[in-house]
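Here are the chains, one letter per residue:
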Amino acid sequence: MRLVQVNDAAWWWDWVAIAASLLLALLLTAALFHYSGQPVQEALSAMLDGAFGSTESLLETLTRATPLTFTALATVVAYRARIWSIGQEGQLLMGAISGYVAAANCAGLPTPLLLTATLLAGALGGAALGALCGYLKSRFAVDEIISTVMFNYIVYYFLTWLLTGPLRVKHAVYLQSDVLPVGATLPPLVADTRFHAGFLIAIACSGVVQVLLKRTAFGFEMRAFGFSQTVTRFKGIRSERLFWGVMALSGALAGLAGITEVMGVHGRLNTDISAGLGYTGIIVAMVAGLNPLAALVVAVLFGGLVNGGFMMQVLTGVPKAIVFATQGIVLLSFLACSRLARYRLRWTR
Amino acid sequence: MTDFFTGTIVISMLTATMRIATPLLLAALGELVVERAGVLNLGLESMMLLACFAAFIVTLVSGSQAAGLAAAVATGLVIAALFGFMTITLRTEQFVTGLAINLLASGLTLYAFRAYQIVSGKESPIITLLPNLSLPLLADLPGLGEIFFQHNLLTYLAFGLTPLLWAFLYRTRYGLELRFAGENPATLDTRGLSVAWRRYLAVLFGGAMAGLAGAFISLGSSVRFVPEMTAGRGWLAIVIVIAGNWLPQRVLLAALVFAFMNAFQLQAQALGLNLPYQLLLALPYAVAVLAMMLGRANSRAPTALGIPYQRP
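Parameters and conventions
Residues numbered from 1 in each chain as written. Chains lettered and ligands numbered in written order. Predicted model: local features only at pLDDT ≥ 70, side-chain atom pairs only at ≥ 80, totals over all residues. Heavy atoms only, no water. Helix = DSSP H or I, 4+ residues; strand = E, 2+ residues; numbered from the N terminus. Rg over C-alpha atoms; globule rule 2.2 N^0.38 Å. Buried < 20%, exposed > 50% of the residue type's maximum accessible area, 1.4 Å probe, protein only. Areas by Shrake-Rupley, 256 points an atom, 1.4 Å probe, with all protein chains shown as cover. Contact = heavy atoms within 4.5 Å. Buried area = accessible area lost by both parts, 1.4 Å probe. Salt bridge = Lys/Arg side-chain N within 4 Å of Asp/Glu carboxyl O. Polar contact = N/O pair within 3.5 Å; in protein donor to acceptor, adjacent residues only side chain to side chain. Nonpolar A, V, L, I, M, F, W, Y, C, P; charged D, E, K, R; others polar. Axes fitted to C-alpha atoms, helices over the stretch in contact; angles between N-to-C directions. Parallel < 35°, antiparallel > 145°, perpendicular 65-115°, else oblique. Left-handed = near helix turned anticlockwise from the far one by under 90°. Phe/Tyr/Trp six-rings, centres within 6.5 Å; stacked < 30°, edge-to-face > 60°. Core = buried A, V, L, I, M, F, W, Y, C linked by side-chain atoms within 4.5 Å.

Further remarks concern the overall build of chain A. Along the backbone of chain A there are 13 helices and 4 strands. For 349 residues, the compact-globule estimate of 2.2 N^0.38 gives 20 Å, and chain A sits close to it at 21 Å. Projected onto its principal axes, the C-alpha coordinates of chain A cover approximately 70 × 60 × 35 Å. Per-residue burial over chain A gives 54% buried out of 349 residues. In the form shown here, chain A has an accessible surface area of approximately 15,400 Å², with 65% of it arising from carbon and sulfur atoms.

Have a look at this one:
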C-alpha cells in the first residue's frame, strides 16, 4: 500500500477532510458508547445540551474555551515557524505562578493597575520559559520537542513545591495557595456564571496573532523561517534571535492561559489549574489548520465537548473521561483525512 | 543512622532501584528500537497506561496473570499498529500523532475504568501481584541476593533483554538494516529493502515493550488500579533514550540512575535528609536537559529520526 500524491485535488477536499473527521469522531464515540453498554442517544444529546443548549451552558463553554484559545494560539505561533514546542503546559503553569506572585506582591494598587500588572507578569513568566527553551535550542542545539516536555514536568514539580512550602495556606487540606488579593480577579461578566473577561482577551489575541502573521515583517520572517532556514539566513534574518523571539511570544500566550484561569476561574493557585490544557491546545491548533481565527472556533468546539461531558455524566452516568478519547479521535481522523485529501492510497506491489 | 551502616537501608534502596528501573527500562528499550528505525513515538506514556489497565482488568476478570500479560502486550501492539499506520503509511507528523494517541489512550483508559466501576459496582477491586522468583543459590548471596535475584519475571526480562538487544542491533544483519531505516532510509530503499516494513516491525516491537512496561506497573507493583498510574514514566523512558544517547548499554545506565534517584527520594526522609521531595522528582528531567546540552557534540541521534520516509 502506498501513498500517491494527487496534484489536481479540488479545493473543497480540505473541507471534506474536516467534515469527515468530525463525522468519523462522532461515529467512533457512538460506537464506543454502544459497545460499553451505555445509552448512545441519551449520552450524545446530553452532551450537546450541556455544551450549547442554554445561555448558561454556552457561557460555561466559552469559559472553558478561553485557556484552550490561548494555548492553541501559542501553538499556532510556534508551529507556523515550524518550531515544534510541546511546552504550552509548563508555560501555562509558569504564567499562573508568576502572575499570582506579582499580584500577591502588588496588593493595594488601584484595580486597573493591579489587573494589568498581574496579566503582564503572567505573560512574562510564560515568555521567559519559552525563551529559555529557544535559547537552549539556538545556543546548545537542544531539541525543543524534548526540552519543552522536560520543563513541563520541572515546572509542575516547582508548583507543587511552592504549594507545600512558600505559598502554602496554613491548615489547608488541599494543595492550594491563598486567594488573590482584592481587585486582582476577573469577576464574572454575567451573574451566576463563571464567564469572565479572559474570553474577550482571547478574542483580541487571536485577532492580533492573525494580523501579526499576515501583515507584519516579523510574521513574514517567522513564516519564511518555517519554510527554509537557509533562505532566511540569506535574507539577513538572525535565525537565533527569531527562534527565541517566537518561543517567547508563544510562551507569553500560554502564560496568559494560566493567569486568566487563576484570575477568572480558580482565584488562587492549585495543582488543577491546567489538567492538560496545554496539550489539548496543540490539538485545537492542528485541527484549526494553524489558523488563529479558526483556532478560536475549534477551541469553542472543544470547550463545548468538555463542558458537555460534565452534563452527560450528571444526566446519564456515562463517564466524562470519554471526551478526551473523542478529542484524540478528532485529531487522528483529521490528520488521516487531510492526508487523504491530497493523497490517495494505491495498492502497489 | 545505624541502619545506614548496617546496610539495611542501602540494600532496600538498591532493591527498590531494580524494581523502579524495570518499567522504565522495558519502555526505553522499546522506544530505543523505534527511534533507531527513525520513528519518534511520543504516545508511549498512554500506550503504557492503556496496557497497564488491560493487564489489570483481564487479570481481575479471568483470574489469570498470564492472560493479563498477554492482554497488555496485545494492547500495546494494537495501539502501535494504529500509530504505525498513521505515521508510516499515511506519513502524518510523528510527534503530533503521538500526542493524539496520548489523548486517545488515556481518555479510553479512564473511560473504561469508570465504566467498569459503574457496571460492576466495585469501587476499587484488587488483583494478586506477580510472585517474586528467587533464583536458586544466587538469591541466598548476602545482600546481593536480595538486590538482584529476588524479583519478578518482568524484571529479569528487562535486564536480560538489554545485552540481547545490543547484540541484535550491532551484531546482526537485521539490526544493521533496522538502524539504516533511521540513519539513511534511502540507501535501504535503493537496495530494494523496504523501509516501511522495518519501521513497522520496530514500532510493533516498541508497542509490545510498552505493553510489558504497563503490565509491570499494574501486575508487578500495585494491587489496585489508579487512573494515571503511569505518572509520567512513559515520558521519562523517552528521556532515558536521549540521556542514554541511543545506545542500549547507556540506556541501561540511564534507567538505573533515574530509578536510583527515585528510590533515594523514597528513602530520603528515613535518612534524615530534609530536602523537598519535589526537587528529587524534578531532578531526572533537569539532568536530561543538561545531558542534552553537553552531549550535542557526540550525539548518536538517528539522522532521520522523526522524518517520514518518502521515495524521492
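From this point, the discussion proceeds with the structure in view.
It is worth spelling out the interface of chain A and chain B at this point. In this complex, chain A contributes 50 residues to the contact, which on the side of chain B involves 43 residues. Summing both sides of the interface, chain A and chain B together bury roughly 4,100 Å²; the carbon and sulfur share of this comes to 80%. Considering only the surface of chain A that becomes buried against chain B, Met150, Tyr157 and Leu332 of chain A emerge as the three largest contributors, covering 15% of it. Linking chain A with chain B are 0 salt bridges. Put simply, chain A and chain B have 4 residue pairs in polar contact (both at pLDDT 80 or more) between them. Broken down by secondary-structure element, the contributors of at least two residues to the side of chain A that touches chain B are β1 (2–5), α1 (13–35), α5 (111–140), α6 (144–164), α11 (277–287), α13 (322–342) and β4 (343–346) of chain A. For the side of chain A that touches chain B, the per-class residue count stands at 38 nonpolar, 8 polar and 4 charged.

What follows is about the packing of helix α4 (residues 88–105) of chain A against α11 of chain A. Residues and elements named next belong to chain A. Running from amino to carboxyl end, α4 crosses α11 at an angle of 130°, the nearest separation of the two axes being 7 Å. Classified by the angle their axes make, α4 and α11 are oblique. The two elements α4 and α11 cross, and the hand of that crossing is right-handed. Counted together, Gln88, Glu89 and Leu92 of α4 and Leu277, Gly278, Tyr279 and Ile282 of α11 form the full contact between these two elements. Among the residues forming the contact of α4 with α11, the class breakdown is 4 nonpolar, 2 polar and 1 charged.

Centre distance and the angle of the planes are the two values used to describe a pair of aromatic rings. This model, assessed by the stated rule, comprises 17 aromatic pairs over all chains. A centroid spacing of 5.2 Å and a plane angle of 50° characterise the contact between Trp84 of chain A and Phe95 of chain B, whose relative ring orientation is tilted. Taken together, the residues Trp84 of chain A in the loop between α3 (55–80) and α4 and Phe95 of chain B in helix α5 (residues 94–120) connect one chain to another. Considering the side-chain rings of Tyr135 of chain A and Phe140 of chain A, the 6.2 Å spacing of their centres and the 85° angle between planes classify their relative orientation as edge-to-face. Pairwise contacts between aromatic rings join Tyr153, Tyr156 and Tyr157 of chain A together with Tyr285 of chain B into one cluster.

By size, the foremost hydrophobic cluster in this structure holds 204 residues, and its most contacted members are Tyr79 and Ile86 of chain A together with Phe95 of chain B. When residues of this core are assigned to their parent elements, the largest contribution, 14 residues, is made by helix α2 (residues 8–36) of chain B. Contact partners of Phe95 of chain B, with chain neighbours within four places excluded, come to Tyr79, Trp84, Ile86 and Ile145 of chain A together with Leu42 of chain B.

The next point concerns the environment of Arg91 of chain B. Relative to the elements of secondary structure, Arg91 of chain B occurs in the loop between α4 (65–89) and α5. We classify Arg91 of chain B as buried; its relative accessible area is 10%. Spatially, the C-alpha atoms of Arg91 of chain B and Ile11 of chain B are 48 Å apart, while their sequence positions differ by 80 residues. Those residues in contact with Arg91 of chain B that sit more than four places away from it in its chain are Leu3, Arg339 and Tyr343 of chain A together with Met86, Pro308, Tyr309 and Gln310 of chain B.

A full pass over the atoms with the stated rule returns 6 salt bridges over all chains. A salt bridge links Arg194 of chain A to Glu60 of chain A; the shortest N-O distance between them is 2.7 Å. With a gap of 134 residues between them, Arg194 of chain A in the loop between β2 (176–179) and α7 (198–215) and Glu60 of chain A in helix α3 connect regions that are remote in the sequence. Classification of Arg194 of chain A by relative accessible area gives partly exposed; the value is 35%. Under the relative-accessibility criterion, Glu60 of chain A is labelled buried at 15%. Measuring nitrogen to oxygen at the nearest pair gives 2.9 Å for the salt bridge that ties Glu177 of chain B to Arg173 of chain B. Taken together, the residues span about one helical turn, with Glu177 of chain B and Arg173 of chain B both in helix α8 (residues 173–183) at a distance of 4 residues. Because the salt bridges share partners, they merge into one network encompassing Glu60, Arg64 and Arg194 of chain A.

Once that is clear, we can look at unusual backbone geometry. Residue and element names in this part refer to chain B. The phi angle at Glu228 is positive, at roughly 65°, despite the residue not being glycine. Within the secondary structure, Glu228 is located in the loop between α10 (195–220) and α11 (233–243). Glu228 gets classed as partly exposed once you look at its relative accessible area, which sits at 44%. One non-glycine residue with positive phi stands out, namely Trp246, at about 60°. Looking at where Trp246 falls in the secondary structure, it is placed in the loop between α11 and α12 (248–267).

Moving on to the side chain of Ser21 of chain A. Residues and elements named next belong to chain A. Along the chain, Ser21 falls in helix α1. With a relative accessible area of 2%, Ser21 lands in the buried category. Those residues in contact with Ser21, other than ones at most four positions away along the chain, are Val330, Ser333, Phe334 and Cys337.

None of the figures reported here should be taken as evidence of function without further support.
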